[in-house]
Amino acid sequence: MVETSGGRWRLHLHGQRRSEAAFLAASKTLLAAVWVAGFTLVFLWQSASMFAGGGLLGILAPPPRLRPNVYNLTDFGGVGDGRAVNTQAFERAVEAIAAVADRGGGQLNVPPGRWLSGPFNLTSHMTLFLAEGAEILAITDEKHWPLMPALPSYGYGRERKGPRFGSLIHGQNLKDVVITGYNGSINGQGEVWWSRHRRRILKNTRPPLVQLMWSKDIIVANIILLNSPFWHFHPYDCTNVTVSNVTILAPISGAPNTDGIDPDSCQDVLIENCYISVGDDAIAIKSGWDQYGIAYGRPSSNILIRDVTVRSLVSAGISIGSEMSGGVANVTVENVRIWDSRRGVRIKTAIGRGGYIRNISYRNITFDNVRAGIVIKVDYNEHADDGYDRNAFPDITGISFKDIHGQGVRVPVRAHGSNTIPVKDISFQGMSVGISYKKKHIFQCSYIEGRVIGSVFPKPCENLDVYNEHGQLVKRAAMLNSTEVDYDI
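Reading guide: rules and limits
- Residues numbered from 1 in each chain as written.
- Predicted model: local features only at pLDDT ≥ 70, side-chain atom pairs only at ≥ 80, totals over all residues.
- Heavy atoms only, no water.
- Pairing = 2+ DSSP bridges.
- Helix = DSSP H or I, 4+ residues; strand = E, 2+ residues; numbered from the N terminus.
- 1 Å grid on protein atoms, 1.4 Å probe; cavity = no way out; pocket = protein on both sides within 12 Å on 5 of 7 lines; lining within 4 Å.
- Points joined across faces, edges and corners; volume = space filled by probe spheres on them.
- Nonpolar A, V, L, I, M, F, W, Y, C, P; charged D, E, K, R; others polar.
- Core = buried A, V, L, I, M, F, W, Y, C linked by side-chain atoms within 4.5 Å.
- Buried < 20%, exposed > 50% of the residue type's maximum accessible area, 1.4 Å probe, protein only.
- Contact = heavy atoms within 4.5 Å.
- Disulfide = S-S within 2.5 Å.
- Salt bridge = Lys/Arg side-chain N within 4 Å of Asp/Glu carboxyl O.
- Polar contact = N/O pair within 3.5 Å; in protein donor to acceptor, adjacent residues only side chain to side chain.

*Asks:* What exactly am I supposed to notice about the sheet that holds strand β7 (residues 120-121) here?
*Replies:* Within a beta sheet, neighbouring strands are joined by backbone hydrogen bonds and run either parallel or antiparallel to one another. Read from one edge of the open sheet, 4 strands run β7-β12-β15-β18, paired in parallel fashion. The open sheet is flanked by β7 and β18 (233-236), the only strands paired with a single partner. Both strand β15 (residues 210-213) and β18 contribute to a ladder of 4 bridges, which runs parallel. Bridging from a neighbouring strand, V210 pairs with F233 of β18.

*Asks:* Just to check I follow, could you spell out empty space enclosed by the protein for this structure?
*Replies:* It is a probe the size of a water molecule, rolled over the atoms, that shows where empty space is left. All chains considered together, the criterion is met by 1 cavity of 30 Å³ or more. Taken as a whole, the largest cavity spans an internal volume of roughly 110 Å³. Lining the largest cavity are 15 residues, with L151, R158, R164, T205 and F230 sitting closest to its centre. Grouping the constituent residues of the lining of the largest cavity by class yields 8 nonpolar, 4 polar and 3 charged.

*Asks:* What is the right way to read the nonpolar core from this model?
*Replies:* For soluble globular proteins, the rule of thumb is that nonpolar side chains tend to be buried together. Core analysis: the largest hydrophobic core is formed by 104 residues, its most contacted members being I186, Y362 and F428. For F428, the residues in contact, after removing those within four places along its chain, are I374, F401, V413, F443, R451, V452, I453, V456 and L464. Counting 10 residues, the second largest nonpolar core, distinct from the first, contains L151, Y156, F230 and W289.

*Asks:* Could you clarify how one ought to interpret the state of the cysteines in this entry?
*Replies:* Defined simply, a disulfide is a covalent bond joining two cysteines at their sulfur atoms. On inspection of all chains with the given rule, the structure shows 1 disulfide. The thiol of C266 is unpaired, and the distance to the nearest cysteine sulfur, on C238, comes to 4.8 Å.

*Asks:* I'm lost on the pattern of salt bridges in this one. Help?
*Replies:* For side chains bearing opposite charge, pairing can occur when the charged atoms are close. Counted under the stated rule, the structure contains 24 salt bridges. In this structure, D368 and R337 form a salt bridge, with 3.0 Å as the shortest nitrogen-oxygen distance. Separated by 31 residues along the polypeptide, D368 in strand β27 (residues 356-377) and R337 in strand β26 (residues 328-348) bring together distant segments of the chain. A relative accessible area of 33% means that R337 is categorised as partly exposed. We note a salt bridge from E462 to K475, for which the minimum N-O separation is 3.0 Å.

*Asks:* How should the pairing of strand β29 (residues 411-416) be read in this particular structure?
*Replies:* Side-chain positions along a regular strand alternate between the two faces of the sheet. Among the 6 residues in β29, 6 count as buried, and that is most of the element. In this sheet, β29 lies alongside β27 in parallel orientation, the contact comprising 5 bridges. Note on β29: the bridge partner recorded for K377 is H416. As paired elements, β29 and strand β31 (residues 443-446) share 4 bridges and run parallel to each other. Looking across to β31, one finds that R414 is bridged to Q444.

*Asks:* Please explain the side chain of S418 as it appears in this structure.
*Replies:* Looking at the secondary structure, you find S418 in the loop between β29 and β30 (423-435). Of the polar contacts made by the side chain of S418, one reaches the backbone nitrogen of I421; its length is 2.9 Å. Apart from the residues within four sequence positions on either side, S418 is in contact with V378 and Y447.

Here it is, written out as structure tokens:
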């Protein structure tokens, strides 16, 4: 408390004492708050470090407990030295988890190390957890790989008639399966298989890396798939499949048919936040081959692909087909970057496939150094055998492209139907693609019908109606059924 008297200042001591006490109390409170906040920040930092898989002071984070029953591969005799064969250890572990399926299932932890193994099966209500630094290595001697019947929608093994090699990690008629970890890896060691394939000495179709069939409620997340002999992840006739935060890598040349993710006759699929760079299609949606796929009759539908970065130097970033005889419908592809690829997004089919491709939406797609951005091809004439129906014409309708961007693209659009397989109800909206090829026909079309909405660059072909941003018709299409085709893409 301060008063003035006679022009002089006078400070009351009792006011000073109260002020000092209040200041000290406030200071103590502030110091306590700062200490608590600092401790909390350190705790959160330590926790984040551990659960990111890095670990504090070089200590690896322990696997989280995701099931009521948890086992380690070493409990079953596993040895992670890269030389001992662990097939039986995996089999014994899976048997133990199968025995507790009615009690919530089990989690199999694969510790850091290199775990050589032949093929093994998963079971329902199972989590396979790969620690940071854990790598499952596929054995390369084909005598360890069992033969399986041909897929019913393909007629015979995809490459050779007769049985096919089973996958490294396999499962059939399962429910509630999770493959996850702290970015541990599954390595197919495919180099030997690729060499045998090129030399034509294999008598059966090469094995996928991971294949789950006739199963539901599947999650594959936070792992790395490497160097598959054939397709990396092949869910076949499955429902409710999620693939998230997965990295898939194979050489971009010399690794034939090493597709990244191939949903095949699957429903309700989510693929997100993945990085894929492989020797064939990064993602390919399928549903059976020619008369066998038509007879099997299981479509791929309700599929969302988002927030992925993909590369395919020899094929396409994201494909539909060519095996699509059971039908493909209701697919959304959004927020995708495709770089250093031969093709960006592609739809491929042929006479004899039958089936349909309907309601396909591409949004916010970026091409970076891609030879052909958007490709539709209806003469992909590879058949299971000569028994395909020459009158089985695929129906392609309802294909939309919105907010398509890029740079260094040689041919932004190459969309060619035919007189027997026209492409109907196709639309382009908000497209601006920087080109690297000054040829006249860089937006190629034939036997397509649909519309262009708003600003589209480069100049679209004459086959399409032109609308402005407000949806008002500006120009009717000229029905041109052929343009100059650049076959060198």
